Amino acid sequence: MRFRIYKRKVVILSLVVVICGLAFWSSGRQKKDSSSFPKEVESIRRSNSISSSSSSSNINQVKATPVVSRAPVPPPVIQVNETHPEKGKDKENVPKPEVDNTTLVYRGIVFQLNFDQTIRNEEKFKGARRKDDLVVVIQVHNRPEYLKLLVDSLRKARGVESILLIFSHDFWSPEINKVVASVDFCQVLQIFFPFSIQLYPQEFPGNDPKDCPRDIPKKDALKLGCINAEYPDSFGHYREAKFSQTKHHWWWKLHFVWDRVRVLKDHKGLVLLIEEDHFLSPDFVHLLKLMSALKREQCTDCDILSLGSYSHIGYSSKANKVEVKAWKSTEHNMGMALSRETYQNLIKCTDTFCTYDDYNWDWSLQHLTVSCLPSYWKVMVSEAPRVFHAGDCGMHHKKASCMPISQKTKIENILQSSGNQLFPKNLLITKRLPANGAGGVAPHVKNGGWGDIRDHELCKSYIRLQ
């Protein structure tokens, strides 16, 4: 009897020792794993203790709270190969791509930053910014050399201290964050597209290894059993993540700024949409105020205010003139300012925008103007541009080398030679659509690149997320 009791004690004691050993080994392994995060992430965590009022002068990285309050929401799961159930079962046995710790940390940081919405320089410019003053939103990818030019042009703009400047990113970069941190002339908010290729490098919305090759014929794709075999675009090509991302980012940003940025909950002013390779004139804030007043007085049905088109018309006798015409994506997609009413009409067309087979956000908008919106868009556009396209490289430009400084020189020469034409006292509408209107302009052709049902569903999900 005593021998049995002794034996039980030995077994119990052995189990306790084993459990303690496993716990000690597990905690040691976690410490080892946590030390593998890049120095950049650790510096971001430590920088959280620095106040937002002093961050603009010394911090090169955006701040992040180390503990995420809620888990980031993954992209919606869409079954894309339902017509071949036997192949679908085979796919269930394929292990999901492993996500390294750094990617998971970045996802958490992005989610936390979008949740916290810390505004830099808020106290510094609290007196300069009034309710419903202009909001400027920059869509940023990964061209810091052009972003520097844009920030420099903003720095020289009169009245810029009154704006809220929002940087919307789809790429995390210390160099880009450093450019943003240099902004000391207005309030600043950074938001991050949470479904970027960088955050999902080996799975949708990034490049899933099981995706179909771009140029494979559909019949061969079905035999291969790749994920999106059933969904080529209008030209028989399969999705390329690098092209799909821009349209996703644009639609997510539009919704997030108007409906998820808390300080803009009741915003009744304008939101100006620009991109990282744009360049603004010193009087763009002044001009938008004049255009907004003119819209209220003489063009209440104007949907969009545009700072200019791509043709660099001379400023002489043009600087105080605007036109009212039908909106065209090839002319008026740069420096677009819109009101909440225009946004609300747009967001009602989510399904149409998200299922139209064109990877370009602007051509997709063009389609909306003739297929879904209550009426075609009217745009009031400045004849002498206050926005310039500095980018000679990018998604639609295949130059071997980029020359941002030469572009800057060209633009500054135009502005300097027209300096006495800037800051007009009032504006004059020189051309206006006929009373009955010429009607909207339909896209001449779909550009494709947006046939994958997963892109459609993810795009439509933004109005429900976060």
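It should be emphasised that the depicted structure is a prediction, and the values quoted were computed from it without experimental measurement.

The next point concerns the packing of helix H9 (residues 241-259) against helix H16 (residues 453-461). Two elements in contact, H9 and H16, have axes whose closest approach is 9 Å; the angle formed by their N-to-C orientations is 15°. Relative to H16, the element H9 is oriented roughly parallel. In the packing of H9 onto H16, the handedness of the crossing is right-handed. Taken together, the residues of H16 that come into contact with H9 (itself represented by Ser 244, His 248 and Trp 251) are Asp 455, Leu 458 and Cys 459. A breakdown of the residues in the contact of H9 with H16 according to their chemical character gives three nonpolar, two polar and one charged.

Looking now at the confidence of the model for the protein chain. When pLDDT is low, close inspection of the predicted coordinates is not appropriate. Chain-level pLDDT for the protein chain is 83 on average; 75% of the residues reach the 70-or-more range. Across residues 47-70, where pLDDT falls below 50, the model places 58 contacts with residues more than four positions away in sequence or in other chains. Every residue in residues 82-92 scores below 50 in pLDDT, and together they form 11 contacts with partners more than four places removed in sequence or on other chains.

With that settled, the discussion passes to the side chain of Lys 295. Inspection of the secondary structure assignment puts Lys 295 in helix H10 (residues 284-298). Within the structure, the side chain of Lys 295 is placed 3.3 Å from the backbone oxygen of Cys 302, a separation counted as a polar contact.

This part takes up the packing of H9 against helix H12 (residues 340-347). Running from amino to carboxyl end, H9 crosses H12 at an angle of 130°, the nearest separation of the two axes being 11 Å. As far as their axial angle goes, H12 and H9 are oblique. Here the hand of the crossing between H9 and H12 comes out left-handed. Where H9 abuts H12, its residues Trp 251, Leu 254, His 255, Trp 258 and Asp 259 lie against Arg 340, Tyr 343, Leu 346 and Ile 347. The class makeup of the residues in the contact of H9 with H12 is six nonpolar, one polar and two charged.

Take the pattern of salt bridges next. In this structure the tally under the stated criterion is 24 salt bridges. For the salt bridge of Lys 210 with Asp 208, the shortest nitrogen-to-oxygen distance reads 3.4 Å. Measuring nitrogen to oxygen at the nearest pair gives 4.0 Å for the salt bridge that ties Glu 331 to Lys 328. The class for Lys 328 is partly exposed, based on a relative accessible area of 32%. Each of the salt bridges in this network shares a partner with another, and the network as a whole consists of Arg 143, Glu 276 and Asp 277.

Applying the stated criterion across every chain, the model contains four disulfides. Covalent S-S linkage joins Cys 354 and Cys 459, the inter-sulfur distance amounting to 2.0 Å. Judged by the sign of its S-S torsion, about -65°, the cystine formed by Cys 354 and Cys 459 is left-handed. Separated by 105 residues along the polypeptide, Cys 354 in helix H13 (residues 350-355) and Cys 459 in helix H16 bring together distant segments of the chain. Here the two residues Cys 354 and Cys 459 agree in accessibility, since each one is buried.

All chains considered together, the criterion is met by 15 aromatic pairs. Ring centres of Trp 250 and Trp 251 lie 6.3 Å apart, and the angle between their planes is 25°; this geometry places the pair in the stacked category. One exposure class covers both Trp 250 and Trp 251, and it is buried. Ring plane angle 15° and centroid distance 5.8 Å describe the contact between Trp 258 and Tyr 343, whose orientation is recorded as stacked. Taken as a pair, Trp 258 in helix H9 and Tyr 343 in helix H12 lie far apart in primary sequence, 85 residues in all. Each member of the pair Trp 258 and Tyr 343 is classed as buried. The ring of Tyr 200 has Arg 107 sitting right over it, with the charged end atom 3.8 Å from the ring centre. Sitting over the face of the ring of Phe 423, Arg 158 holds its NZ or CZ atom 3.8 Å from the ring centroid.

Scoring rules and cut-offs
Residues numbered from 1 in each chain as written. Predicted model: local features only at pLDDT ≥ 70, side-chain atom pairs only at ≥ 80, totals over all residues. Heavy atoms only, no water. Axes fitted to C-alpha atoms, helices over the stretch in contact; angles between N-to-C directions. Helix = DSSP H or I, 4+ residues; strand = E, 2+ residues; numbered from the N terminus. Parallel < 35°, antiparallel > 145°, perpendicular 65-115°, else oblique. Left-handed = near helix turned anticlockwise from the far one by under 90°. Contact = heavy atoms within 4.5 Å. Nonpolar A, V, L, I, M, F, W, Y, C, P; charged D, E, K, R; others polar. pLDDT = per-residue confidence, 0-100. Polar contact = N/O pair within 3.5 Å; in protein donor to acceptor, adjacent residues only side chain to side chain. Salt bridge = Lys/Arg side-chain N within 4 Å of Asp/Glu carboxyl O. Buried < 20%, exposed > 50% of the residue type's maximum accessible area, 1.4 Å probe, protein only. Disulfide = S-S within 2.5 Å. Phe/Tyr/Trp six-rings, centres within 6.5 Å; stacked < 30°, edge-to-face > 60°. Lys NZ or Arg CZ within 6 Å of the ring centre and 35° of its normal.

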